[in-house]
Amino acid sequence: MTEAHQSGITGIYPKEIAADNYYYVRSCIRQNFFPGSETAFLKIMRNVLGKNIYDDAVHTTCTGIGYHSDIVPFETIQTVVARQFALMTEKGFENLAVSCVTSFGIYCEIVETWKNFPEELDKARVNLKKATGREFEIPRNIAHASDIIYKFRREIAKEAKYSLVNCLTGEPLNLVEHIGCHYAKMFPEMGVGGAEFTSVLSSMIEIWGGAVVDYPERRHCCGFGFRQYLIQANRGYSISNSRKKFESMEPYHPDAVICNCPGCTMFMDRWQYVIAEMENKTYGQGGRGIPVLTYEELAGLVLGYDPWDLGLQMHQVNSEPFLDKLGIRYIPSQKYSGKDGKIMAGPVIPACIK
Amino acid sequence: MKSVVIIGGGVAGIETASALSDFGHNVVLVEKTDSIGGKVLKWDHLFPDLKSASELENYLDIKCREGNFAIQKNTTIAQASQSNGKWMLRTDNNRVIETDAIVVATGYEVFDASRKEEYGYNIYDNVITSVDLEERLKSGKTITTRAGYLPEKIGIIHCVGSRDEKSGNHYCSKVCCITGVKQSIELHKLLPEAEIYCFYMDLRMYGQYYEELYREAQEMHKIQFIRGRLSEVSENIDKRLLIKAEDTLSGRPLKMSVDLLVLLVGMEPGKGTKSMAGICGLETGKDGFLKTSDMHFGNNKTGKKGIFLAGSCIGPMSINDTISNARSAALEVHNYLQTK
Amino acid sequence: MDLFKRLNEDVRFREGLKACMNCGICTAICPAAEFYDYDPRVLVTTVESMDNEEIESLLKSDAIWYCGQCMSCKTRCPRGNVPGMIVSVLRKVSQELGYFTESRMGRQQYAIAKTVGDNILSYGYCVHPSKINPGLHPEQGPVWEWIFKNREDIYTRLGANFDKPGAGALRKISREALDELKAIFDETGGTELLKKIEEFSLKKAHESGFEPNGTTEDDYFREVYKKNDHSGIK
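Residues numbered from 1 in each chain as written. Chains lettered and ligands numbered in written order. Predicted model: local features only at pLDDT ≥ 70, side-chain atom pairs only at ≥ 80, totals over all residues. Heavy atoms only, no water.

Moving on, we come to the overall build of chain C. Within chain C one finds 15 helices and zero strands. If one aligns the C-alpha atoms of chain C with their principal axes, the spans along those axes are about 55 × 45 × 40 Å. Across the 234 residues of chain C, 61% fall into the buried class. Surface exposure of chain C reaches about 8700 Å², of which carbon and sulfur atoms provide 47%. Mean positive and mean negative side-chain charge positions of chain C (32 and 36 charges, respectively) differ by 3 Å. (Helix = DSSP H or I, 4+ residues; strand = E, 2+ residues; numbered from the N terminus. Buried < 20%, exposed > 50% of the residue type's maximum accessible area, 1.4 Å probe, protein only. Areas by Shrake-Rupley, 256 points an atom, 1.4 Å probe, with all protein chains shown as cover. Lys, Arg positive; Asp, Glu negative; His and termini not counted. Charge placed at Lys NZ, Arg CZ, Asp CG, Glu CD.)

And the structure:
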């Protein structure tokens, strides 16, 4: 890649990201598979950056997964979204911080629809009022949680205890960054750096000392495909897409994969295990996989948080090779402990992927 | 004797200036750069007959030497105003030129291919434009990849920056298809072992002998034409380019690795064209080019009395069409000046 | 019935279908076109033809169910079309009219309604750990079996408010909030769609000799969820 391009094309797609006072909407997949990431996000927001971010008990799923698998009608999801906005408005907030990338796409798509088809907005107001008695304002700013970490990447760098550098060789670690499709493909202007050379994650990686890998299938979907995963018979589609990406990134020997979408992180992690079971092939070094992390896990590691507090034990592909390269000290015996430090037996370690 | 100022010293400007001075008018040709002739100076061979561009350069050179018109280089027009039925033009070094008529011949700009991010221009080593290729052909240097290897597989991509909502240009740039066919033949002559693929949506072989050149490309040079628009370019670890398209005629997605990729970039209104629109208060069309008063019957006139248009500031045009258009502009101006 | 007209009533159809110039840019980068026998360009031009018979045939076929909704097509289409959105509207109409039970992949909607649909209204999440049965999800790996078995401990350790009232990850979403969600579904046709999917599916199941009991354990659910060929279905 030429230097001209590496210096960033963020200027072509200037995205406004609110600086404080966020209403947080959680992600179904992250709460299930990466709860530590959401905990870390709030911790970083409040304790490191001193931001005001509200975690509301009353909000629900945005129903995005149901919508994209076609069991939730458009009118319904518009009204569910309207309810989320109403709760935000009631609590006195204008800025939405969205944990999930599918949700982020939904919020952007619906706000855009309401702009182009005001009658849909009217319908949503009427529906919400009838169903719940609530009223809403459209958020002034909608940002994905990765946008916000991106916005404050320098502040995080200042507090960093670790750098994304191989502690033995001193070389920057090679990181693959994977952007969730619904982050920028629908509305490139809503993604930092646009859709082709999205820079929300690569900027974080570079500022924290790492090097970004560009490989041919970088933009390719991880293969979630909603119904293509939810139905067992269709999972071949899902795994094939992830496998395509792994085959493409393999020659570059990445040290880790960082994703900003919950589904992507989960799939890029689990499919490595399935490929190992099915084909006896692994993509990392020494029969191990390539660790897949969320950006909060990455930020948390850089800030010196305990990997097991961040939830890395919930990944199928073990992250220890990455932690070792970073020079992070962790206590193996605490990896699988439960609440209050309770010692528990860990999962079965599959033979095919260590 | 009536006076005319021609703004823009390319093919259109020179032809109009020459014709008007032959009619006996007092003509001044104003050019913003140091050289006369415009973009054709960088051309190697012209379509469809593959004549050397130096023939055209000679032609223009003769026009300038034998024509009875003044040429002012390194001059831009900063302001235009009317006074007593005449036009007053102020240049960027504050000289004022008074004239009876103006011909805007400020031409086009090539589409900046780096705007089409997913094609990798200025990002990946081996992606070049048709303009870059023409320069290389003219230089006589061997056509190689950035690393110095002879390309074995070359892709030529049609419609870059044209017919594309995402680039902001809905229109067809007309002359890129024939440029692609011409360059494919030229590449094959230089690299007879290379496989050359043209990725197109439609082949706009509208001009005389264009269709025949396309046929020659297929029959004599074995150029492969694939009907599918390029979607994306990535770089393999060996710096070859991985391109993705659909072969729409067989209905299958297609992936290919090529050593060199040539983007056929379209035409956009030139910087001078855009600024003249503002300075003279001229209307632009939906495509951003200068609008003529009627595309059939008034194709050199504008809404402003005494201001005329010539050449590709009106829209994408080939060289022979530009010359015809420039002569037509001269006739319109001449008729106008007779009535003053 | 004029199917094109019906499709056009949805604003997403109008947003998604401008005019196709058959360039193939969408198919070029569509993941579904790569792994399935599917061509989004052909789907769009079929719809654009406004041929009622062709459209009806489409609505009854697998073709409209391959799309993975990644929206890579939207980023690139030079005419501003969105095949992915057109697909969403086709799927909607297919379900409303009961045509979805005529295709193998369409019939899978029953399983999604019974899992995701149920989760939304029962828990307020699209996905809930207690419903991710390791048996139905072997691809989640041994780590998920461990998480599933020890979920209360693990989630609590990671700062979640697992299954409890108040704020936090995996909180127990309150009865009031769930009631509001249900009311929204009732008011906006969400409940109606889930009902329709169930009704049409059960009709198809009975016709083919299945004995569904409406749970994720029954034979029809397992047939559409697991099987790649539905030789048992008429």
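The interface of chain B with chain A comprises 14 residues on the first partner and 17 residues on the second. Interface area for chain B against chain A, summed over the two sides, is near 1300 Å², with a carbon-plus-sulfur share of 45%. By the criterion of area lost to chain A, the three top residues of chain B are Glu117, Ile123 and Ile237 of chain B, representing 44% of everything that side buries. Counting the contacts that link chain B with chain A gives three salt bridges. With a shortest N-O distance of 3.8 Å, Arg219 of chain A and Glu232 of chain B are connected by a salt bridge. Listing elements by their share of the side of chain B that touches chain A, those giving two or more residues are β15 (232–235) and β16 (241–247) of chain B. Residue contributions to the side of chain B that touches chain A peak at four residues, all from β15 of chain B. (Contact = heavy atoms within 4.5 Å. Buried area = accessible area lost by both parts, 1.4 Å probe. Salt bridge = Lys/Arg side-chain N within 4 Å of Asp/Glu carboxyl O.)

All names here are of chain A. As summarised here, the arrangement of the four strands in space is β2-β1-β3-β4, forming an open sheet in which the pairing is parallel. Two strands in the sheet have a free side with no partner beyond their single neighbour: β2 (53–55) and β4 (141–144). Going from strand to strand, the sheet's axes swing by 30 degrees on average, the running direction of each strand aside. Summarising the sheet, strand β1 (residues 22–25) and strand β3 (residues 95–98) pair through four bridges and their orientation is parallel. If you follow Tyr24 over to β3, its bridge partner there is Ala97. Lying over the sheet, helix α5 (residues 74–90) contacts β1, β3 and β4, oriented at roughly 145 degrees with respect to β1. (Pairing = 2+ DSSP bridges. Axes fitted to C-alpha atoms, helices over the stretch in contact; angles between N-to-C directions.)

A separate point is helix α7 (residues 118–132) of chain A. Over its 15 residues, α7 of chain A runs 21 Å from end to end, which matches the ideal 21 Å to within 8%, given 1.5 Å per residue. Those residues of α7 of chain A lying buried are Glu120, Leu121, Ala124, Asn127, Leu128, Ala131 and Thr132 of chain A. The buried residues of α7 of chain A occupy an angular sector of 125 degrees when projected down its axis, which confines them to one face. Buried positions along α7 of chain A lie against α5 and α6 (101–116) of chain A together with α2 (11–16) and α13 (175–188) of chain C. Once α7 of chain A ends, the next one or two residues include Gly133 of chain A, with phi positive near 80 degrees. (Expected span 1.5 Å × (residues − 1). Arc of directions from axis to C-beta.)

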